[in-house]
Amino acid sequence: MSTAAAPVRTGQVLADLLPSSRVRDAALVLGGAALTGIAAQIAVPVPGSPVPVTGQTFAALLVGTALGARRGLLSLMLYALAGVAGVPWFAEGGSGAGAPSFGYVLGMLIASAVVGELARRGADRTAWRMAGTMILGEAVIYAVGVPYLALSTGMSASAAVAAGLTPFLVGDALKAALAMGALPAAWKFAGRR
């Protein structure tokens, strides 16, 4: 008798391994939004920048990767809409759309869908592909967040890059390294069930 499980197919994300139902999907979307809100409270101010280092972007990318493009996007939409409506779960307990860092929240919406689609194509199954997926997701977040920062504060493009991108690169490398191990390990564990 074999104890090996059936191989996990490309076309699935980690959330697809759970029994399928609308209740499951709703719980995953709510849980993804809550995880992102909780992770946003892990915030460290960056001298000279109105944008702190947070766990928010890491959570948003993990939500997108684990839930897939549609559920990940819905989670981040719920997170953003609730925060705009006044739930104090943006970075440092903030809410509303007026903060200079709100562009990063908008970027996370797009990034969660991008990394979710890549995960569905198997990009979360190996360490190196997962690193590339995280780096691409971070790039999408910055592509929206940095211009928003510049526009909302009146900074020049170079000042916005210096305040809203450069100080975060080392942390992003660490987040990518953590994801390189975590998601492929989760797939390996799922394959042994």
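Note that the structure is a prediction, hence the values are computed from the model and not measured. (Residues numbered from 1 in each chain as written. Predicted model: local features only at pLDDT ≥ 70, side-chain atom pairs only at ≥ 80, totals over all residues. Heavy atoms only, no water.)

### What about unusual backbone geometry?
In this model, E92 sits at a positive phi of 60°, which is unusual for a non-glycine residue. For E92, the location among the structural elements is in the loop between α3 (69–85) and α4 (102–120). (Helix = DSSP H or I, 4+ residues; strand = E, 2+ residues; numbered from the N terminus.)

### Considerations on the pattern of salt bridges
If you walk through the whole model with that rule in mind, you get 8 salt bridges. A salt bridge links D25 to R24; the shortest N-O distance between them is 2.8 Å. Across the pair, R24 and D25 agree in class, each one buried. E117 is the salt-bridge partner of R121, the closest N and O atoms lying 3.0 Å from each other. (Salt bridge = Lys/Arg side-chain N within 4 Å of Asp/Glu carboxyl O. Buried < 20%, exposed > 50% of the residue type's maximum accessible area, 1.4 Å probe, protein only.)

### Side note on the nonpolar core
Among soluble globular proteins, nonpolar side chains are generally buried collectively. One finds L76, Y79, Y104, V105, M108 and M134 to be the most contacted residues of the largest nonpolar core, which totals 41 residues. Elements with a minimum of two residues in this core: α1 (22–40), α2 (56–67), α3, α4, α5 (127–153) and α7 (169–191). Once you skip the residues sitting within four places of it in the chain, M134 turns out to touch F58, L61, K175, A176 and A179. (Core = buried A, V, L, I, M, F, W, Y, C linked by side-chain atoms within 4.5 Å. Contact = heavy atoms within 4.5 Å.)

### Re the environment of A91
Mapped onto the elements of the fold, A91 is located in the loop between α3 and α4. Separated by 53 residues in the primary sequence, A91 and I38 place their C-alpha atoms 9.1 Å from one another. The contacts of A91, once residues within four sequence positions are left out, are A40, P52, T54, Q56 and Y79.

### What about the environment of M180?
As for its position among the elements, M180 is in helix α7. Between the C-alpha atoms of M180 and T126, which are 54 residues apart in sequence, the distance is 7.3 Å.

### Details of α3
Taking 1.5 Å as the rise per residue, α3 with 17 residues should run 24 Å; its terminal C-alpha atoms sit 24 Å apart, in good agreement. Taken as a whole, α3 has its buried residues at A69, R71, G72, S75, L76, Y79, A80, A82 and G83. (Expected span 1.5 Å × (residues − 1).)

### With respect to the side chain of T36
The topology assignment puts T36 in helix α1. For T36, a relative accessible area of 0% corresponds to the buried category. Beyond its immediate stretch of four places on either side in the chain, T36 contacts Q56, A59, A60, V63, L76 and Y79.

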